[in-house]
Amino acid sequence: VYTALGKLYCKQREYPKALDWFNRALGFSQDQPDGQLDYFTQERLLAEIAEVHRLSGDTLVARQYYKQACEMQEKLGDWVGLAITYGGIGDLFVEAGDLIQAQPYCEQAYKYQQLVGDLNRFWRTCFSLTKIYLNKDNCESADHYWSDARLVLLHEEVFSSLPGKKRAEIEQAVRKFINFY
């Protein structure tokens, strides 16, 4: 219930309330009987907390939480979590304009998103990698990632499952990108 409330407040962009509920859920997951910790829940909550900090502009704190989540996810072999976390870290650096720092995280996100079939995040990672490689004047790699993004977005099930506002944003981004490319 705590996590659901955190997600709801995050969606409504009420970040302090979202953090409060996610931190309550994290505290609850750490306070299990017999000293058994629910590591899977904790690493997911750490990633959620990181994402809220990223969305609210607190990038330094977001990086700390992403790092903690990533360490736990790697130990647990949680590929889905790693796909989400690496994508979040990559987004953080892309949004800050630090494409050099973003590249290894976006490449890791790309790898894990392919492994787990996370198409809803995959196209965004492909766009980021396209931007990174265009910035490096590496048109061959940029074209590879751009082609992957196009294939996913043209796949009717994925594109039609996105909310109308998100579809419009994507269409606008694709038009801008085509004009640039």
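Going by the structure above, here's the rest.
A short tour of the structure in this document, coming up. Since this is a predicted model, take the numbers as computed values, not measurements.

**Side note on helix H6 (residues 99–116)**
Phase 1 of the analysis: Between the first and last C-alpha of H6 there are 25 Å, a value that for 18 residues agrees with the 26 Å anticipated at 1.5 Å per step.
Phase 2 of the analysis: The complete set of buried residues in H6 reads Leu 99, Ala 102, Gln 103, Cys 106, Ala 109, Tyr 110, Tyr 112 and Gln 113.
Phase 3 of the analysis: Elements in contact with the buried residues of H6: helix H5 (79–95), helix H7 (119–135) and helix H8 (139–154).

**Thoughts on the nonpolar core**
Phase 1 of the analysis: Counting 25 residues, the largest nonpolar core has Tyr 66, Ala 102, Cys 106, Tyr 110, Phe 127, Leu 129 and Ile 132 as its most contacted members.
Phase 2 of the analysis: Elements represented by at least two residues in this core include exactly helix H4 (59–76), H5, H6, H7 and H8.
Phase 3 of the analysis: Sort the elements by how many residues they give to this core and H7 lands first, with eight residues.
Phase 4 of the analysis: If we skip the residues at most four places from it in the chain, Ala 102 touches Gly 90, Phe 93, Val 94 and Ile 132.
Phase 5 of the analysis: Core analysis: the second largest hydrophobic core is formed by 14 residues, Leu 26, Leu 46, Ala 47 and Val 52 among them.

**Some details on the pattern of salt bridges**
Phase 1 of the analysis: Considering all chains together, one arrives at nine salt bridges under this definition.
Phase 2 of the analysis: Asp 20 is the salt-bridge partner of Arg 24, the closest N and O atoms lying 3.1 Å from each other. Residue Arg 24 and its partner Asp 20 are both found in helix H2 (residues 15–30); the two are separated by four residues, about one turn of the helix.
Phase 3 of the analysis: Asp 20 sits in the partly exposed class, given a relative accessible area of 34%.

Calculation rules
Residues numbered from 1 in each chain as written. Predicted model: local features only at pLDDT ≥ 70, side-chain atom pairs only at ≥ 80, totals over all residues. Heavy atoms only, no water. Helix = DSSP H or I, 4+ residues; strand = E, 2+ residues; numbered from the N terminus. Expected span 1.5 Å × (residues − 1). Buried < 20%, exposed > 50% of the residue type's maximum accessible area, 1.4 Å probe, protein only. Contact = heavy atoms within 4.5 Å. Core = buried A, V, L, I, M, F, W, Y, C linked by side-chain atoms within 4.5 Å. Salt bridge = Lys/Arg side-chain N within 4 Å of Asp/Glu carboxyl O.

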